[in-house]
Amino acid sequence: MTRRRFIADEVSGDRAALVGEHADHLVRVLRARVGQEFDIAIGEAVRRGRIASVSDDRVEFELGEEVSGADLAGIILVLAVFKFDRMEWAIEKCTELGVSRIVPVISRRTDLHLAAAAGKRVERWQRVARQAAEQSRRASPPEIAVPIKVSEALNLQAALRIVLAESEERTLLRDVVRPHAAEDGVALAVGPEGGWTEDESQSFRQAGWISASLGNTILRAETAAMAATAIVASEMYSL
Ligand code: SAM
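Residues numbered from 1 in each chain as written. Predicted model: local features only at pLDDT ≥ 70, side-chain atom pairs only at ≥ 80, totals over all residues. Heavy atoms only, no water.

Novice: How should the overall build of the protein be read in this particular structure?
Specialist: The helix and strand inventory of the protein stands at seven helices and 13 strands. In summary, the protein has a C-alpha radius of gyration of 19 Å against a globular reference of 18 Å for 239 residues, a match within 12%. Over its C-alpha atoms, taken along the principal directions, the protein stretches across nearly 60 × 40 × 30 Å. When contacts within the protein are restricted to residue pairs at least 6 apart in sequence, those whose partners lie at least 24 apart make up 72%. Element-wise, carbon and sulfur atoms account for 46% of the exposed surface of the protein, whose accessible area totals about 12,100 Å². Charge separation in the protein, taken as the distance between the mean sites of 31 positive and 36 negative side-chain charges, equals 3 Å. (Helix = DSSP H or I, 4+ residues; strand = E, 2+ residues; numbered from the N terminus. Rg over C-alpha atoms; globule rule 2.2 N^0.38 Å. Contact = heavy atoms within 4.5 Å. Areas by Shrake-Rupley, 256 points an atom, 1.4 Å probe, with all protein chains shown as cover. Lys, Arg positive; Asp, Glu negative; His and termini not counted. Charge placed at Lys NZ, Arg CZ, Asp CG, Glu CD.)

Novice: I would appreciate a short explanation of the domain arrangement of the protein in the present structure.
Specialist: Many structure descriptions define interface size as the accessible area lost when the parts assemble. What the domain assignment reports for the protein is domain 1 (5-67) and domain 2 (75-237). Using only C-alpha atoms to locate each centre, domain 1 and domain 2 end up separated by 32 Å. In this complex, domain 1 contributes twelve residues to the contact, which on the side of domain 2 involves nine residues. Roughly 820 Å² is buried in total at the junction of domain 1 and domain 2, and carbon and sulfur atoms are behind 42% of that figure. Among the residues domain 1 hides against domain 2, the three largest losses belong to Arg-5, Ile-7 and His-22. Together they make up 64% of the total. For the pair domain 1 and domain 2, the interface holds two salt bridges. Between Asp-9 and Arg-130 there is a salt bridge, with the nearest N and O atoms lying 2.6 Å from each other. Counting across the interface, domain 1 meets domain 2 through seven residue pairs in polar contact (both at pLDDT 80 or more). Those elements that provide at least two residues to the side of domain 1 that touches domain 2 are β1 (5-7), α1 (20-29) and β4 (37-42). If one sorts the elements of the side of domain 1 that touches domain 2 by residue count, β1 sits on top with three residues. Here the residues of the side of domain 1 that touches domain 2 sort into five nonpolar, two polar and five charged. (Domains from an automatic or database assignment. Buried area = accessible area lost by both parts, 1.4 Å probe. Salt bridge = Lys/Arg side-chain N within 4 Å of Asp/Glu carboxyl O. Polar contact = N/O pair within 3.5 Å; in protein donor to acceptor, adjacent residues only side chain to side chain. Nonpolar A, V, L, I, M, F, W, Y, C, P; charged D, E, K, R; others polar.)

Novice: Can you walk me through the nonpolar core in this structure?
Specialist: A general tendency of soluble globular proteins is for nonpolar side chains to be buried together. The biggest cluster of nonpolar side chains holds 37 residues, and the ones touching the most others in it are Leu-77, Leu-79, Ile-91, Trp-125, Ile-162, Leu-173 and Leu-188. Sorting the residues of this core by element identifies β7 (75-80), α2 (84-97), α3 (112-135), β11 (160-164), α5 (173-177), β12 (186-190) and α7 (221-237) as the ones contributing at least two each. Broken down by element, this core gets its largest block of residues, eight residues, from α7. Setting aside residues no more than four positions away along its own chain, Ile-91 makes contact with Leu-79, Ile-102, Trp-125, Val-128, Ala-129 and Ile-144. (Core = buried A, V, L, I, M, F, W, Y, C linked by side-chain atoms within 4.5 Å. Buried < 20%, exposed > 50% of the residue type's maximum accessible area, 1.4 Å probe, protein only.)

Encoded structure:
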């Protein structure tokens, strides 16, 4: 039987707890009762958790044997900030596909209002990622960084660093990634609704990022993020 998975808010020895809204969801929506069993992710491990006590804002678990967690792909998604509803969708779906880290960036063509509000969105993005991680049975959500500038993102470290650009006519993402299937750590940069500026594209290339295409149709930023993540995950990590 497939048990629902939750990521613990607190862990101490063989006990773990969900607290606040997280516990409320389990109590009200899933009608948690003492004795029920779920999978509880605690850091890198996932263990069987039997509910020991329930109150409105706290559900306590006794932890049992370890169960296997979903393997994580070492994909860092560098996402230029775009419309928040679409961005949340990208975060949710790319979390399901296994990205390990999401780095929002403020690019030249990021809408000014979105750029100003992005810092305050991080907590909400973390919640979205966490729910998606639980839903897709990951052991932990991707880390979501505070938004940084493109110039800072250029220095991110990964074995392979790829900037997705609809202007790229020769090099397909699949062909860039395939020869590196044995390596771990890929950074993928996806531009905003208006795309990267020429200056930004050039800066990525000068910093050693490889420019790659997802084909000859122009995809919305969220579609590009999901397609790129799926391609890398299937080429490098055998989905
Ligand atoms: N500049 C474009 C325009 O306004 O016509 C569209 C930019 S697109 C909506 C947003 C981002 O998605 C791009 O910066 C790029 O990173 C990625 N993208 C979309 N289609 C792509 C493709 N065919 N190949 C590679 N990247 C793509």
